[in-house]
Amino acid sequence: MTEQAIVSDPPSVGPVKHEDLSLLQEVALRTPGDPNLEMCIQCGTCGGSCPSASAMDHTPRAIFAMLRAGMREDVMKSNTPWMCVACYYCTVRCPQEIHITDVMYTLKNMSLEANTGHNGTASDFSKTFISLVETYGRSFEIGLAGFQNVRHFITRLPSITPMAVGMLTKKGMSLFPPKRIKGMDQLKKILKRAKELEAE
Amino acid sequence: MSDYLFYPGCSMESSAKAYEASMEAVCKPLGINLKEIEDWNCCGATEYLSLDLTPAYSLIARNLALAQEQANGTKTVLAACSACYLNLSKADHYMHEDKAFGRKINSALAAGGLHYDPGQLVIRHLLDVMFNEVGLDKIKEKVVKPLTGLRVASYIGCMVPRPDYNARISDTEYPYELDDLLKALGAEVIDFPLKTACCGGHMTQIGPATAFELIRRLISAADQYKADALVALCPMCQMNLDAFQGQMNGYFHTSYHMPILFFTQLMGIAFGEKPENLGFGSELVSAHAAMKRIGIQTPEPAPAKPVAKKPSGLPMPPPRVRVGQQNTANEEASE
Amino acid sequence: MSPAEKKPQERVGVYVCHCGTNIAGVVNVAEVSKWAADNLVHEGVIVARDYKFMCSSLGQELIQKDIKELKLTRVVVAACSPHLHERTFRNACKGAGLNPYLCELVSIREQDAWVHTDKIAATEKAKAIISGGVARVIHHVPLEPLHVPIHPATLIVGGGIAGIQAALEIADAGFPVYLVEREPSIGGHMAQFDKTFPTLDCSACILTPKMVDVGNHPNITMLTYSEVQKVDGYVGNFAVTIKKRARYIKTEDCTGCGICWEKCPKKVIDDKFEAGLGYRKAVYTPFPQAVPKYPVIDDINCTYYIKGTCKACEKFCPTNAIDFNQKDEIITVEVGNIILATGWDLFDARRVPNYGYGRLANVFSNLEFERLSNSAGPTGGNIVLRDGKTTPKSVGIIHCVGSRDKNYNNYCSAICCMQSLKFAHLVHEKTGATVYNFYIDIRTPAKAYDEFYQRIIEEGTLFVRGKVAEVTDAARNPGEEGKLIVQVEDTLVGKQRRIPVDMVILSAGLEPRFDSKAVAKTFGISCSADGWFIERHPKLDPVATMTEGVYIAGCVQGPKDIPASVVQGAAAAARILGRIQQKEIALEPVRATINEEQCSGCRICNTLCPFNAILFHEDKMVSEVNPALCQGCGTCVAACPAGAISGTGFSNEQILSQIDGLLLLNLDKKEAMA
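Residues numbered from 1 in each chain as written. Chains lettered and ligands numbered in written order. Predicted model: local features only at pLDDT ≥ 70, side-chain atom pairs only at ≥ 80, totals over all residues.

Draft legend 1. Structural detail: the overall build of chain B. For chain B, the count of helices and strands is 15 helices and 8 strands. For 335 residues, the compact-globule estimate of 2.2 N^0.38 gives 20 Å, and the C-alpha radius of gyration of chain B, at 21 Å, lies within 12% of that figure. Along the three orthogonal principal directions, the C-alpha set of chain B runs to about 65 × 60 × 40 Å. Sorting the 335 residues of chain B into buried and exposed places 58% on the buried side. Within chain B, residue pairs in contact and separated by at least 24 positions form 80% of the contacts whose partners lie at least 6 positions apart. (Helix = DSSP H or I, 4+ residues; strand = E, 2+ residues; numbered from the N terminus. Rg over C-alpha atoms; globule rule 2.2 N^0.38 Å. Buried ≥ 20, exposed ≤ 12 C-beta atoms within 10 Å, placed from the backbone. Contact = placed C-beta atoms within 7 Å.)

In structure tokens:
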């Protein structure tokens, strides 16, 4: 079937250690607006709707059950948030109006902070993207794809080449980085302050 | 002429040049004046949100602040890329709804001397503006070369109908706006079951196998219904389905050839514009054969659909009354 | 008004309840009682006692003894909320010979002990509350309940099982009933079902005997194909205007032979009884066992009314019973009580786009499936796909469609789990297909329900715990082509599954009727936000409403199964029979009255009254409150710009005195005087 991009360790065996029952609340508070996370009745609509569920080690619903059980480590190691494509099917169908996709973004953030070393491919992509935006103020698709594939999918390079050529010739995409925006300093100041605020 | 503060998004200038070209070609005759936001920055797509929420929203909000500064009376920000549209609309929504969050983001913006008052700008997608502001009647007027005989699958993608914070689109799963617009151009719109299914987004770079599967589902469904082309409105969707179609074919050992076009390209053709000015030729899966089919005006009516719907058997439930029509009995009672 | 001006002074007894530790745990009851005895003497308090449980017989006897021996003229009880025991203490006073409306119950529990933790402050507050009660009660006047006669006839709106049950009970007791039904036949939704859970009784078989009894009953006047237009009057004396829609059939001549519908050339989709799955003619009876047996002509689809031609029915009718010129008839009936039993509408599953109802041919709603399975239905009881021929080999049944879902209806529809299990059984029995039930929870609370669930498990039904995400025909994997795929997370396994089936049945939920808000307004009762009618008390009084004389029964009050609907119909009937037997009803005399001289005729009160209790006399240009309809809510009293309205039981004097008492201003005056 479909290959798993990164498979995390299997969930911890043995009894659940109820050490972290504030975990659910923590995730809810970090998400802008009120995501209604405590309202989950475990119906499974989200897991049923997710187009990439088969690539996730835990379905979204299972992740919420784990949050409720305080299983911090397992959630942080899970590849689930990184497999989320942000299609919002889960969010609009959830009968309890939980902002599932927004919670997934929060979990991505938290998993990077937890720095478990899992999910390298996904987070690398995001990190590379961001470093380009923080340099130029715009994204740089060819460069980004280039870095990502060299770093993680080097064996694919031969099969990608025809497409890459097509992108450069037919689509007219540029091999060169984009022109820096004028307000780059301004943007840098904003982002710096934002990072300080996030850490508070 | 209606003014719109235009937010192009990074893809318009790289992978989606066809969208940009065709968009400009059709907006002018329809009276849409695009005032590009000066010095806009990347919206961060789905990447920045994955890393750090506050900087991510601040990155988006800088554009909103700039737009507000440059508004000069114009209230609407127009985006054609679905992810950009969702990001702008989401940032505005949460800054407005969660006051503490709004203050935090404005705090960050202040470090750059900027400020945004949430709720001050209206953020809309190009399809929404075409359907609800310009209107199908006006579009029909401009059609000089109806796309008769062209079977299209209308693919709206996921981020425009969902989560739709301001309830602009008719339905979260089977909306009719793009269908009706393409019908107004004279095309034959198939009943595409996956109109809002996800194309995989950035999964091509993270989990290619998953991405190829999502792409395959869409292409094979369009093919099942014998569409000549799949019509999209998001640069990411178009790129995934077009540029990666070859790789997908390789992975699954299939040989689909489904051209993926932007709806503005078809609008341009219908309006009589030359294909070269609309970005035709830039697609990796060539649309040449499909367009050749309608290059000559076909006097015959459209060919029969592959699935014959015989009137035998049990009756189907009637089509649902469209959004906007209420129960009159209860409405009168509550007045 | 200073205390000195009052005369003659009343003799007030104050009784402070401990309520165990409920009050005494926070309020120093003894101190409060002593304080009242010492400080409210000038107001007339001659005795103040405290006791553990005032509402007990001993507590009541305490009051009664004092009334007799100390010749009390007023009583103030400081205890729990009047909602609970006002009647208790009033009756106690009445038993001792004191007019019950000279007794006032003030709450020092719900409004003091239960909401404060500071004992000192709570005790002071209790003193103030009692002081207010005493200040008020001396302005009370003896009142007598209003007696209104009860007309022995009853109106029942809705001829479903609840309405039928109620009608039979009242009629069997010997009193007349008018049964109004919107459709051409009584029977309601129950007539559409195939088998009923948990006994698997054939629905029509148990319903039709009751329908026939109703049709034949000498005491029941059936008004089918009719609707209530207006309700005037009040409990015991309602005047109801009913529109009898023209059937275009002369019922005195019609024999119900059926030749008219046999010969009628116009076939129409029957979207009511057959749930859109079958056909009827333009002249029709909804189903063969219809009561009454008279058909109706559907003037929207009948060729004669559209084009002026045909008239086949008239040509063939052997008794000349067709009358194309018949008109609607408006009648008025007088009744004493009304029962609303108008039932429910089905949730429109087209609203859930991801389930494909209305787009994918082989997705059926629950009512459509009932008609498929019913042997009198469009397929003769054969469970087949939309093509009318193919028997499904695999069926998916989806629970909770449009229910328990904030995107649609928040509430649980109560019957869908049992219904879904029943469907599983019927599919197994008739087709031998593989059946999947997709559920979030299995709700089988009533008698023999869980045993039914066990039986369905035994029959080999495959249960998947997961709310279905989507039903699609877009094949993805081999084996899915040509099928409907149910995509769901099997939450007990923790994986997403795609299950190909031939047919999907949606257990759509129950909703209030589309015009429930308009109907509630006509009858002067309230709807909840969802649209269900509101009962007087959700636990203790589910069939009465806040409007005297109007009762509700069946699903109109909220989703429920057939036994519960029958019970409510019977309960409402019993309440009404009790009233009718008493021949008159005593109404609370706490009412508003309008001082004619002060009324300026501005009519502001007329439209404000939530109970439509205020009439306007054109000749005198003044308004008048109908005491039987008035519930004493006080809205008009507050709104009258001329201050012309006051309430017995809540006069300005009484309220302002109570406020003075609460603020202990009545004490200040005394100190000033001292």
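Draft legend 2. How the structure looks around the sheet that holds strand β4 (residues 103–107) of chain C. Residue and element names in this part refer to chain C. One open sheet holds the 4 strands; their spatial order is β2-β1-β3-β4, and the pairing between them is parallel. Strands with a single pairing partner mark the edges of an open sheet, and in this sheet they are β2 (45–51) and β4. Direction aside, the axes of adjacent strands within the sheet are offset by 15° on average. Inspection of the sheet shows strand β1 (residues 12–17) paired to strand β3 (residues 74–79) by 5 bridges, in the parallel sense. Note on β3: the bridge partner recorded for valine 12 is arginine 74. Relative to the sheet, helix α1 (residues 29–39) contacts β1 and β2, its axis offset from that of β2 by approximately 175°. Across the sheet, helix α3 (residues 82–95) lies against β3 and β4, angled at about 155° from β4, the strand it touches most. (Pairing = 2+ DSSP bridges. Axes fitted to C-alpha atoms, helices over the stretch in contact; angles between N-to-C directions.)

Draft legend 3. Just the interface of chain A and chain B, in detail. On the chain B side, the residues contacting the 61 residues of chain A number 59 residues. Listing elements by their share of the side of chain A that touches chain B, those giving two or more residues are α5 (80–83), α6 (89–93), α7 (100–114), α8 (120–136), α9 (141–152), α10 (157–169) and α11 (184–199) of chain A. Its residues assigned to classes, the side of chain A that touches chain B comprises 31 nonpolar, 17 polar and 13 charged. (Nonpolar A, V, L, I, M, F, W, Y, C, P; charged D, E, K, R; others polar.)

Draft legend 4. Representation of the confidence of the model for chain A in the model. Across chain A, the average pLDDT comes to 84, with 90% of residues at 70 or higher. Contacts for the low-pLDDT stretch residues 1–8 of chain A, under 50 throughout, to residues beyond four places or in other chains number 25 contacts. (pLDDT = per-residue confidence, 0-100.)

Draft legend 5. Highlighting the interface of chain C and chain A. With 17 residues of chain C in contact, the opposing surface of chain A contributes 18 residues. Here the side of chain C that touches chain A takes 3 residues from strand β25 (residues 484–490) of chain C, the largest share from any one element.

Draft legend 6. Representation of the packing of helix α3 (residues 53–70) of chain B against helix α4 (residues 82–97) of chain B in the model. All names here are of chain B. α4 packs onto α3 with a crossing angle of 95° between their chain directions and a minimal axis gap of 9 Å. When the interaxial angle is binned, α3 and α4 end up roughly perpendicular. For the pair α3 and α4, contact is made by Tyr57, Ile60, Ala61, Asn63 and Leu64 and by Asn87, Leu88, Ala91, Asp92 and Met95, respectively. Classifying every residue of the contact of α3 with α4 by side-chain character gives 7 nonpolar, 2 polar and 1 charged. (Parallel < 35°, antiparallel > 145°, perpendicular 65-115°, else oblique.)

Draft legend 7. Up close: α3 of chain C. All names here are of chain C. Along its 14 residues, α3 runs 19 Å from first to last C-alpha, staying within 8% of the 20 Å computed at 1.5 Å per residue. Among all positions in α3, only His85, Phe89, Arg90, Ala92 and Cys93 are buried. On an axial view of α3, the arc spanned by its buried residues comes to 155°, and they lie on one face. In α3, those exposed residues whose orientation departs by more than 90 degrees from the buried face are His83 and Arg87. Just downstream of α3, glycine 97 is the residue with a positive phi angle, here 95°. (Expected span 1.5 Å × (residues − 1). Arc of directions from axis to C-beta.)

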